[in-house]
Every structure is written in structure tokens, then in C-alpha cells.
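Structural characterization, general
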Amino acid sequence: MITWTFIVCAVLIPALCTNLLTKCPCYKRQLQHYSNKEKNKSCILEDSLVKVLSLKDFYSDCIRNVTNFTLSNTQTQSIESGFFGNFTKLKILTVGNIRLTHNITPAFKGIQNTTLETLKLEKVATNDDILENVYSQLPPNLTELLLLEINHLTTFPLHRIQSLERLNTLFLNNSMSFRHFVFENISNPLPLKTLSVANTSYFWTSVFKFNETNCVLPYLENFNLSHTFVNVSTAMGKDNCLKNLKVLDLQHCIFEDGLYNDSFRLLPKLQRLIISETINIYQLPVLNNSLTHLEMNKIQFNFNATPDNLNIFGNLERLQHLEIRCLNLGQWSDGDFEFLLKPLTNLQYFDASDNNLTVIPKAFLKMHMLQTVILENNLITQWQREIFQSENLTELRLQNNLIEYLDTRFIPSTVEKLNLSHNPFLCTCDLVPFIIWVKERKKLYHDWFDDWRHRYICACPKNKQNKSLSEFNPKPTDCQPFNKIVITAMVLCCLMVVIVFIAQLVAWHRERKGVSSKKPKYRRLDTVS
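Counting starts from 1 at the beginning of each chain's written sequence and moves along it residue by residue. Thresholds applied to this predicted model are a pLDDT of at least 70 for local features of residues and 80 or more for the giving and counting of side-chain atom pairs; totals over whole chains, interfaces and linings are not thresholded and use all residues. Calculation of side-chain values draws on the structure's entire complement of heavy atoms; hydrogens and water are dropped beforehand.

**A few points about the overall build of the chain**
Scanning the chain from terminus to terminus reveals 10 helices and 26 strands. Each of the 529 residues in the chain was classed as buried or not, and the buried ones make up 43%. Whether two residues touch is decided by their heavy atoms; if any such pair falls within 4.5 Å, the residues are in contact. Here the analysis covers contacts within the chain between residues at least 6 apart in sequence; of these, 61% occur between residues at least 24 apart. Here, Shrake-Rupley sampling with a 1.4 Å probe gives the accessible areas, and only protein chains in the shown set may cover a residue. Of the roughly 28600 Å² that the chain leaves accessible, carbon and sulfur atoms contribute 52%. Going along the chain from the N terminus, every DSSP run of H or I of four or more residues is numbered as a helix, and every run of E of two or more is numbered as a strand. Residue exposure (1.4 Å probe, protein chains only): buried if accessible area is under 20% of the type maximum, exposed if over 50%, otherwise partly exposed.

Below, the structure written as C-alpha cells:
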């Protein structure tokens, strides 16, 4: 039906269908009727065939109240000069994935007279020169600037945003040609608090200074550098400008000069650090006690139980969130693993999935603040002790392990989300208490077990193999426990019956023998001829 609709729109009546999927009451060609146009504050033109964006196609009294304007995934080729400047109360402007054949710069004429706070340009055909003209027209009250997937963006002159005294967020993500910032002609520090250059060709080698003593970004708190290149010793050295940095995302970064145990010691306020899937780690860093969130999944490093590695969490008493997936921790002894995690007394979230662990670490016995534990995709075979002592534990994920049997007494009563799917359950009478426990909870929490019928399967015995646990319903008589006293009494009764029978048989045999011995014996006489 949708396909035919588009064929009709594209071939037969394009004039009537240019706004088929728009959600903008201010747009005159909007097929759907809206009342109270003046009160609507949102205008969304997306997935439509609007080719020319002109003010004559909008209700003038309506656009004055629009605060959020989105133009996305359209076939727009040109935008009228000064178009966006007429939305005087505009706060959020999003322009993405449009096929402009004309320069977008004139469309921003007069935009400095609006109340614009957030500008997002994504997959828009622009280059450095066009963006230079856009920067010069931005209103002073702008707080967020997002330039995403603009593949012709190669540099970013920071002096162009020097007049934006409220700008605290700058995103340049996914612009693969972007390589560096330009620090020339900067006279004062910039107010940026969040900066992201993720998935670009950016190479971080500078300390962000516009002269020998003054930092360009002294207030920076959040820096996202995932999938880029980093020179750690220069960027985070003694003269770095990251004294206020709280969040540092280095996921999948290549460290040009390597990572060492003192690499982050000069970031005193760092609270959140992500170094997952990073390359060129020579030593694991000894981290500051300010850290509350750490992700170091699948790092390119041989994480053995050496004295240095055993003490990397020694200062992290405040750590609340820890992810250490894909580090092959199954080679560690339970004692070493307990020593590694011993300082983390305030840990609330723990993820050690994909580590070939064979047992649930006994380190959990001393973690009383845990709320979420994820140990999926390991080789854990049993859960035979009351190891989780936290009264705050609400989520427990142990899917894709080798657990055959589970004693429900060891499941904390505080757990609200439990995932044990894809374990090779041994479907015998020992599993019946767990089945009953599950069915009781499913009535209370419908989202506890995701797709119970297909993900909880019997592995043994052979006659129940590949059968869903939802179909495993043994009869009460099949699982009645044997009473030893009754069995002993029955055996004794049978034994007594046998003894009595044998005694009767012996007595009967003796009696017959006695009778036969008392019978008179007769001698045969010869016949008289």
C-alpha cells in the first residue's frame, strides 16, 4: 500500500504529496488537518518529497511559535534565503541527510535574531568554507553545536566560536575527514564542557593551549575520542589542560606512544574512563581514587595475574561501575580474582562476561552494594552456595553458561531481573523446585524471563533432550522422596515373612519325617506251596 502511494505521489500528483509524511501544522501543504496551529511548537519535515523550502508554504502566524524545527531525509535541493531567521522563537534546529544543490549559508541569514540553543547538521553537503560562513551567523545564546557525518569537514577553527559565550557542547562525530583543530587567533578561553570527535581521523597530540600558559578549553569535563589516535604522553602530560576533565572515552583508540601505569595520574578529577578495545597497551594504568566508572573490555593486553595487575584497582574505593569483559579471566585462581576485586567495596555494577570463568567468584561475598551482576557467556557449571550477600542486588544475568541445576535458596530475594537462558539444564526431579519458583515469579513479573519456551531447554537426560523447561512437568509420584524408615520396615517385614515361611517349611519337613519313622515295618512272608 505504501509503495503504491509513493508511485502515485511521484508520478501522478506530486504537487499534492510533497508533504505526505510531514508533521508540521505550520506547513500549508500538510494533508492532515491540525487545529490550534499557533499553539503547536514543533515542525518536522522528514521522509518527504519537499524539494524547495520556502516561507510562502508556511503559515506566518504559526512559525512564530515554533521552537523545534527538523528537516531530515527529504529531497530538498534549496532553502530560501533567511528561511530559518523567521522562526524567531526557535530553540532547536536539526538539518540532516538532505540533497542540497545550493549553498546552505543564505538560509541562516538572520538566525542570530532567534533564540536558537541547539544546531544539528548531519550528512549535509558542506565544506570548511561553507561552515565558516555558518559559524559567523550563529546566535550568541547557542549552547550546543553538532556537526555529524560531514565528510568534507577537515579542520575546525576554534576562534570562529569564540563569540559564543554560552556554547558548552561541540560534536564533530563521524566526520571521517576531520583531522585537527586550529588554535590561531584565540584570545580567551572557550566555555566548552563537552567535546566529541568520535569516529574521525583526529590525532590528539596537543595540550589545547593558545599560548604558553593559557588553556583553550580549561572547563572541559567530557571528552569523547573513541576510534581516533592519541599520543598519551603529550596530550595528558604534566602541562595538560584537563584538570577539570571528568569523563574520558578512549574506546577503540590507538595509543601512538603506548599506555603505561602512570598515563592517567595527572587527571585529578577523572570519574569515568573507557579504554575498551584499545591498542598498544604496555602496562595497565594505576588509576586515581576519584574514578567511579571504568570500562576496560577486550583490551589488547595479556591480562595475567601478575603483582602489578593484581593491584590496578587498589585506589578505587569509590568505583561503582566496572566492566571487564573478554579478558580471559578464567586462567586466574579464585583467590587472585578475590584479591583483584577486594578494594571495590562500593561497587554497584559488575560485568565480567566472556571470560571463561568456571565458578562464581567468591569475591561477591564481601560486596554489599552490588545492584547488577553480569556473568554471561562463561563456563560456570554450578551455583551451590549463597554467594551473593548484597541486599541491593536487583539484576542477575548468567545466561550462556554450563549450569545444570539451581538451588532456589541461593537466589537473593531482592532480585527482580534474572536471566539463566541457554544453560544446559539437567531435567530431573532436582530441578522441580526451580521450575515451581519460576512459575510463581512469572505471575508477578512478566518480563523476568525473556522467551522462556525457547531459551530454557533440557540438555539431559536423553529422553528429555531439547525439550523446553516449560514442558517439563513431572508427576508428583515421580518425584516423591523415599522414606528410609518405611523402606527399612518393608524390608524387615519381607525378611520376617521369608523366615516364617522357611521355618514352616522346615517344620513341615521334620513332621513328615517323624511320621514316616513311626510306621510299623512288615516282613514279607514266603508263599506256602
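More follows now that the structure is in view.
**Observations regarding the side chain of Asn 141**
Positionally, Asn 141 belongs in the loop between helix 4 (128-137) and strand 7 (144-148). By relative accessible area, which is 18% here, Asn 141 ends up buried. Residues adjacent in sequence count toward polar contacts only when both atoms are side-chain atoms; beyond that, a polar contact is any pair of N or O atoms within 3.5 Å, and within protein one must be able to donate a hydrogen and the other to accept it. Polar side-chain contacts of Asn 141 include one of 3.1 Å to the backbone oxygen of Thr 115. Look past the residues within four positions of Asn 141 in its chain and what remains in contact with it is Thr 114, Thr 115, Leu 116, Glu 117 and Arg 166.

**A closer look at the environment of Glu 338**
By secondary structure assignment, the location of Glu 338 is in helix 7 (residues 334-341). For Glu 338, a relative accessible area of 21% translates into the label partly exposed. Through-space distance from the C-alpha of Glu 338 to that of Phe 364 is 8.3 Å; in sequence the pair is 26 residues apart. Among residues more than four places away in sequence, those in contact with Glu 338 are Lys 362, Ala 363 and Lys 366.

**Topic: a nonpolar patch on the surface**
Taken together, Val 498, Phe 501, Ile 502, Leu 505, Val 506 and Trp 508 make up a surface patch of nonpolar side chains, about 590 Å² in accessible area. Tracing the sequence through the fold places Trp 508 in helix 10 (residues 484-518). Trp 508 sits in the partly exposed class, given a relative accessible area of 46%. For patches, a residue must show more than 30% relative accessible area and have no salt bridge; joins then use 9 Å for like charges and 5 Å for nonpolar side chains, namely Val, Leu, Ile, Met, Phe, Trp and Tyr. A carboxyl oxygen of Asp or Glu within 4 Å of a side-chain nitrogen of Lys or Arg is what we treat as a salt bridge.

**Re the side chain of Asn 240**
Within the element layout of this structure, Asn 240 appears in the loop between helix 5 (232-235) and strand 15 (247-249). Here Asn 240 falls in the buried class, since its relative accessible area comes to 3%. From its side chain, Asn 240 meets the backbone oxygen of Gly 237 in a polar contact 2.7 Å long. In this view, Asn 240 contacts Val 207, Ala 235, Leu 266 and Leu 267; residues no more than four positions away in its chain are not counted.

**Re helix 4**
Buried residues of helix 4: Asp 128, Ile 130, Leu 131, Val 134, Tyr 135 and Gln 137, and no others. In this fold, the buried residues of helix 4 make contact with strand 6 (118-122), strand 7 and strand 8 (155-157). Among the residues of helix 4, the N-terminal cap falls to Asn 127, whose side-chain oxygen and the backbone nitrogen of Asp 129 are separated by 3.1 Å.

**Some thoughts on the state of the cysteines**
Disulfide: a pair of cysteine sulfur atoms within 2.5 Å of each other. What the rule picks out here adds up to four disulfides. Each sulfur in the disulfide pair Cys 26 and Cys 62 lies 1.8 Å from the other. Measuring handedness by torsion sign, the sulfur bridge of Cys 26 and Cys 62 sits at about -65 degrees and is left-handed. With Cys 26 in the loop between helix 2 (14-17) and strand 1 (42-46) and Cys 62 in helix 3 (residues 60-63), the pair connects residues that are 36 residues apart, well separated along the chain. Here the two residues Cys 26 and Cys 62 agree in accessibility, since each one is buried. The disulfide that involves Cys 427 links it to Cys 458, with 1.9 Å between the sulfurs. Looking along the S-S bond of the Cys 427-Cys 458 disulfide, the torsion reads about -90 degrees, which is the left-handed sense. Placement of Cys 427 in the loop between strand 25 (425-426) and helix 8 (432-444) and of Cys 458 in strand 26 (residues 458-460) is noted, with a sequence separation of 31 residues between them.

**A short note on helix 7**
When we look at burial in helix 7, the residues that qualify are Phe 337, Leu 340 and Leu 341. Taken end-on, helix 7 shows its buried residues confined to a sector of 85 degrees, consistent with a single buried face. Looking at the packing, one finds that the buried side of helix 7 touches helix 6 (307-310), strand 20 (321-323) and strand 21 (349-351). Note that the arc is computed from the directions linking the helix axis to the C-beta atoms.

**Digging into the packing of aromatic side chains**
Given two aromatic rings, their pairing is described by the distance between the two centres and the angle made by the two planes. For Phe, Tyr and Trp, rings pair up if their centres lie within 6.5 Å, where Trp contributes its six-membered ring, and each pair is then called stacked (planes under 30 degrees apart), edge-to-face (over 60) or tilted (otherwise). Counted by the stated rule, this structure contains 28 aromatic pairs. Ring geometry for Phe 203 and Phe 229: centres 5.8 Å apart, planes at 45 degrees, overall tilted. Note that Phe 203 is positioned in strand 12 (residues 203-204) and Phe 229 in strand 14 (residues 229-230), a separation of 26 residues in sequence. Assessed through its relative accessible area of 32%, Phe 203 is described here as partly exposed. An aromatic cluster of at least three residues, connected via ring pairs, comprises Tyr 135, Phe 156, Phe 178, Phe 181, Phe 183, Tyr 202, Trp 204, Phe 208 and Phe 223. Ring-over charges, as used throughout, are those where CZ of Arg or NZ of Lys falls within 6 Å of the ring centre and within 35 degrees of the ring normal. Positioned over the ring face of Tyr 59 is Lys 28, at 5.9 Å from the centre of the ring.

**Concerning the pairing of strand 16 (residues 254-259)**
Relative to strand 16, strand 14 runs parallel, the two sharing two bridges. Paired with Phe 229 across the strands is Ile 254, a residue of strand 16. By definition, two strands form a pair when at least two bridges between them are found by DSSP. In this structure, strand 16 lies alongside strand 18 (residues 279-281), joined through two bridges in parallel fashion. When the sheet's bridge partners are listed, Leu 259 is paired in strand 18 with Ile 281.

**A few points about the pattern of salt bridges**
For the coordinates displayed, the defined rule picks out 12 salt bridges. For the salt bridge of Glu 395 with Arg 397, the shortest nitrogen-to-oxygen distance reads 3.6 Å. Put simply, Glu 323, Arg 325 and Asp 351 are held in one network by salt bridges that share partners.

**As for the pairing of strand 3 (residues 68-72)**
Extensive coverage of strand 3 is indicated by the burial of four of its five residues. By the bridge criterion, five bridges tie strand 1 to strand 3 in an arrangement that is parallel. Paired with Glu 46 across the two strands is Ser 72, which belongs to strand 3.

**Points about the sheet that holds strand 18**
Taken in spatial order, the four strands of this open sheet run 12-14-16-18, and their pairing is parallel. In the strand order of this sheet, the two ends are held by strand 12 and strand 18, each with one partner.

**Things to note about the confidence of the model for the chain**
Summarising the model, the chain shows a mean pLDDT of 85, and 87% of its residues fall at 70 or more. Residue range residues 1-21 is modelled with pLDDT below 50. Its contacts to residues more than four positions away, or to other chains, number 24 contacts. Every residue gets a pLDDT, meaning the predictor's confidence in that residue, from 0 to 100.

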